[in-house]
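Structural characterization, general
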Amino acid sequence: MLFSVLIPTYNNEATIERAVKSALNQDYTEEYEVIVANNASTDRTADVLGSINNPKLKVITNSHTVSMYENHNVLLHEAKGDYVLFCHSDDQLCSNALSILADELNKRLYPNKFIIWGHSMIRDFSRYSNIPINQMFSGEIAKRVFVQSGLTPSGTCFSRESMV
């Protein structure tokens, strides 16, 4: 399996359905999985997730609230894809996100340790690292935003091996 779309969530009943459906409704035709880690939400997040019936979707519910980083790690340990793509529960993916990433990975012969920064329509990450927007980057330059600011924006694709 090439992709695992990972969605960490905590008390996002208003936005979680949109995020999950954006991950499930990709134009990508190959097999992929969508995993949500519900971080012991106290609102109706679990009810919303329970109403979504799709064989690609796996929901993990933490028994107690863990740190944001631990919740991301829960997802990483469950992922089976060669590459993981985070989509935070208040974001959504464009319907062709996985197809674009698959094409870019194919051009690079599917490297084992790799990061691709996508384009965020919500936040311009170029302010953190002087990287121009609307371009796809890989290699050393792609790590700069993550290292300098600690951000893992939605739409960022990592080889699972590089994260685990």
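Up top is the structure.
Presented here is a report on the structure given in the accompanying data block. It should be emphasised that the depicted structure is a prediction, and the values quoted were computed from it without experimental measurement. Position numbers for residues count from 1 along each chain, tracking the sequence in the order it is written. Only residues with pLDDT of at least 70 get local features here, since the model is predicted, and only at 80 or more are side-chain atom pairs given and counted; chain-wide, interface and lining totals rely on the full set of residues. Values reported for side chains reflect all heavy atoms of the structure, with hydrogen atoms and water molecules removed beforehand.

**Comments concerning the overall build of the chain**
To qualify as a helix, a DSSP run of H or I must reach at least 4 residues; to qualify as a strand, a run of E must reach at least 2; elements of each kind are numbered from the N terminus. Looking only at helices and strands, the chain has seven helices and six strands in total. Sequence-ordered secondary structure for the chain, helices as α and strands as β, is β-α-β-α-β-α-β-α-β-α-α-β-α. Within the chain, the proportion of its 164 residues that are buried is 48%. At a minimum sequence separation of 6, the contacts of the chain that also span at least 24 residues come to 74%. Per-residue and other accessible areas follow the Shrake-Rupley method at a 1.4 Å probe size, with only the shown protein chains counted as cover for residues. Taken as a whole, the chain presents about 8700 Å² of accessible surface, with 48% of it coming from carbon and sulfur. Relative accessible area decides the class of each residue, using a 1.4 Å probe on protein chains only: under 20% of the type maximum gives buried, over 50% gives exposed, and in between gives partly exposed. Any pair of residues with heavy atoms lying within 4.5 Å of one another is described as a contacting pair.

**A few points about the side chain of Asn62**
On the secondary structure map, Asn62 appears in the loop between strand 3 (57-61) and helix 3 (68-78). Residue Asn62 is classed as buried on the basis of its relative accessible area of 10%. By the criterion applied in these results, polar contacts are pairs of N or O atoms within 3.5 Å in which, for protein atoms, one can donate a hydrogen and the other can accept it, and in which residues neighboring in sequence qualify only through two side-chain atoms. A distance of 3.0 Å separates polar atoms of two side chains, one belonging to Asn62 and the other to Asn39. The contact partners of Asn62, leaving out residues within four places of it in the chain, are Asn38, Asn39, Ala40, Asn71 and Val74.

**Remarks on the pairing of strand 3**
The side chains of a regular strand alternate, residue by residue, between the two faces of the sheet. Sheet topology note: the strand 2 (residues 32-38)/strand 3 ladder contains five bridges and is parallel. Looking at strand 3, one finds that Ile35 is bridged to Lys58. We call a crossover right-handed when, viewed with the strands running away from us, the connection from the first strand over the helix to the second turns clockwise. As for the winding sense of the linkage, the β-α-β connection from strand 2 through helix 2 (residues 45-50) to strand 3 is right-handed. By this definition, two strands are paired if DSSP reports at least two bridges between them.

**Brief notes about the packing of aromatic side chains**
For Phe, Tyr and Trp, rings pair up if their centres lie within 6.5 Å, where Trp contributes its six-membered ring, and each pair is then called stacked (planes under 30 degrees apart), edge-to-face (over 60) or tilted (otherwise). Scanning all chains against the criterion turns up three aromatic pairs. An angle of 75° between the planes, with centres 6.2 Å apart, marks the rings of Phe86 and Phe158 as edge-to-face. On the criterion of sequence distance, the pair formed by Phe86 in strand 4 (residues 83-86) and Phe158 in strand 6 (residues 157-159) is long-range, its members being 72 residues apart. Among the residues examined, Phe158 registers a relative accessible area of 0% and is labelled buried.

**Here's the deal with the pattern of salt bridges**
Criterion for a salt bridge: a side-chain nitrogen of Lys or Arg within 4 Å of a carboxyl oxygen of Asp or Glu. Summed over the entire model, instances satisfying the criterion amount to five salt bridges. Measuring nitrogen to oxygen at the nearest pair gives 2.9 Å for the salt bridge that ties Lys21 to Glu17. With Lys21 and Glu17 both in helix 1 (residues 16-24), this residue pair falls four residues apart, about one helical turn. Note on Glu17: relative accessible area 32%, which makes it partly exposed. Its salt-bridge partner being Glu104, residue Lys107 comes within 3.2 Å of it at the nearest N-O pair. Here Lys107 and its partner Glu104 are both found in helix 4 (residues 97-107), three residues apart, which amounts to about one turn of the helix. Residue Lys107 is classed as exposed on the basis of its relative accessible area of 61%. With relative accessibility at 15%, the residue Glu104 sits in the buried group.

**Looking at the nonpolar core**
Only buried Ala, Val, Leu, Ile, Met, Phe, Trp, Tyr and Cys residues count toward a nonpolar core, and they belong to the same one when joined by side-chain atoms within 4.5 Å. The biggest cluster of nonpolar side chains holds 28 residues, and the ones touching the most others in it are Phe3, Val5, Ile7, Val20 and Val34. At the level of secondary structure, the elements contributing two or more residues to this core comprise strand 1 (3-9), helix 1, strand 2, helix 2, strand 4 and helix 4.

**A few points about helix 1**
For helix 1, the complete set of buried residues consists of Ile16, Ala19, Val20, Ser22, Ala23 and Leu24. On its buried side, helix 1 packs onto strand 1, strand 2, helix 2 and strand 3.

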